[in-house]
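Spelled out from the first residue to the last, the chains are:
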Amino acid sequence: SMASPALLMRVVASAYSVAEKAATIVRNVMSAGDLGIVEKAGPNDLQTKADRLVQMSICASLARKFPKVTIIGEEELPNGDVSEELIEDGHCEEILKKPCPTQYTGIKEEELVIWVDPLDGTKEYTEGLLDHVTVLIGIAYGGKAIAGVINQPYYNYEAGANAVLGRTIWGVLGMGAFGFQLTEAPAGKHIVVTTRSHSSALVNECITALNPDHVIRVGGAGNKIIQLIEGKASAYVFASPGCKKWDTCAPEAILHAVGGKITDIRGNPFQYNKEVKHMNSAGVLATLRNYDYYASRIPNNVKESLVP
């Protein structure tokens, strides 16, 4: 008889379906028209009803299936019973059929940490820039991002009334990433993607030093990694402390699964064990290819300004 699928593949298969449910919640909140916006730390740090409902849905759904896994979500939410309509019990059969990379076959539930950003790009969501929005579920083991799911609830939303809305990208280290067409940025072009709503003198100084041909300013870390893997940008550069572990865990796993690289601005890898601080205080540098080209051009004063 077939051995039952390894835990990691079961978690990823469930996270896939949980992310699709999350996307439905995001779209329903938007179409109902009352976003329920709350300011957290200020006008660029918002939380909506979608952030709250999606986090409850993701965390409760995964906790019910995998009770010993540590799940860390962005939003501080009251502990209470989650209504059954928010629970997603399904899984993606196609993922379960794929063999688990051998280095991960023996993982136990209590060794996994799941980092959840229920709605990455909240500010853009409130402004109607819907293609910036992603749902991020990152899976870490031994402090390292090893698998991830990125859902874009509004992928294709400008394609007309009959278009299928949304898509789910997923990946596992040692296996690859799926749900999109891997594309490299144009050779010899230096296209930098960076923050849209969290700019600063340091952010801009760092970008200027890279002498890019073009700069793209968009919301959401998930969205920026998608720009890299689909060849729209060659580097994601953010010389500022704003980003958190739940922003980078899922995107990192997907980027690394296709041979890319993400670090802080100083070149240090991110750690994802459950005790780690949540802030990526030394910023982000990521590429699909040619990481060293960009890393070597980050000015020293920028690195010195950002303390890990």
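Structural data are supplied above this passage.
What comes next concerns the included structure. (Residues numbered from 1 in each chain as written. Predicted model: local features only at pLDDT ≥ 70, side-chain atom pairs only at ≥ 80, totals over all residues. Heavy atoms only, no water.)

## A few points about helix 2 (residues 49-65)
Piece 1. With 17 residues, helix 2 extends 25 Å between its outermost C-alpha atoms, agreeing within 8% with the 24 Å of an ideal straight helix rising 1.5 Å per residue.
Piece 2. Looking only at helix 2, the buried set comprises Ala-50, Asp-51, Val-54, Gln-55, Ser-57, Ile-58, Cys-59, Ala-60, Ser-61 and Leu-62.
Piece 3. For helix 2, the elements touching its buried residues are helix 1 (7-32), strand 2 (45-47), strand 3 (70-73), strand 4 (112-120), helix 4 (122-126) and strand 5 (134-141). (Helix = DSSP H or I, 4+ residues; strand = E, 2+ residues; numbered from the N terminus. Expected span 1.5 Å × (residues − 1). Buried < 20%, exposed > 50% of the residue type's maximum accessible area, 1.4 Å probe, protein only. Contact = heavy atoms within 4.5 Å.)

## So, the pairing of strand 7 (residues 167-172)
Piece 1. In terms of burial, strand 7 is a largely internal element, six of the six residues being buried.
Piece 2. Residues Arg-167, Ile-169 and Gly-171 line one face of strand 7 and the alternating positions Thr-168, Trp-170 and Val-172 line the opposite face, and both faces are buried.
Piece 3. As paired strands, strand 6 (residues 144-152) and strand 7 are joined by six bridges and run antiparallel to one another. Paired with Ile-150 across the two strands is Ile-169, which belongs to strand 7.
Piece 4. When strand 7 meets strand 8 (residues 176-178), the two strands line up antiparallel, connected through three bridges. Counterpart to Trp-170 in the pairing with strand 8 is Phe-178. (Pairing = 2+ DSSP bridges.)

## Notes on the environment of Gly-259
Piece 1. With respect to the secondary-structure elements, Gly-259 resides in the loop between helix 7 (245-257) and strand 12 (261-263).
Piece 2. For the pair Gly-259 and Leu-173, spaced 86 residues apart in sequence, the C-alpha separation works out to 9.3 Å.

## Here's the deal with the nonpolar core
Piece 1. Tyr-125 and Tyr-236 are the most contacted members of the largest nonpolar core, which totals 103 residues.
Piece 2. Among the elements that make up this core, the one with the highest residue count is helix 1 (14 residues).
Piece 3. Among the domains, domain 1 (7-178) and domain 2 (191-305) are the pair contributing at least three residues each to this core.
Piece 4. Beyond its immediate sequence surroundings of up to four residues, Tyr-125 is in contact with Val-26, Val-29, Met-30, Leu-35, Thr-48, Ala-50, Leu-119, Leu-130, Val-133 and Tyr-154. (Core = buried A, V, L, I, M, F, W, Y, C linked by side-chain atoms within 4.5 Å. Domains from an automatic or database assignment.)

## Points about the packing of aromatic side chains
Piece 1. All told, the structure shown has six aromatic pairs when counted by the stated rule.
Piece 2. When the ring of Trp-115 is compared with that of Tyr-272, the centres are 6.4 Å apart and the planes differ by 70°; the resulting orientation is edge-to-face. Of this pair, Trp-115 sits in strand 4 while Tyr-272 sits in the loop between strand 12 and strand 13 (284-287), and the two are 157 residues apart along the sequence. Of the two residues, Trp-115 and Tyr-272, both sit in the buried class.
Piece 3. Across from the ring centre of Tyr-272, 5.8 Å away, lies the NZ or CZ of Lys-245, which sits over that ring.
Piece 4. Seen from the ring of Tyr-293, Arg-297 lies directly overhead, with NZ or CZ sitting 3.7 Å from the centre. (Phe/Tyr/Trp six-rings, centres within 6.5 Å; stacked < 30°, edge-to-face > 60°. Lys NZ or Arg CZ within 6 Å of the ring centre and 35° of its normal.)

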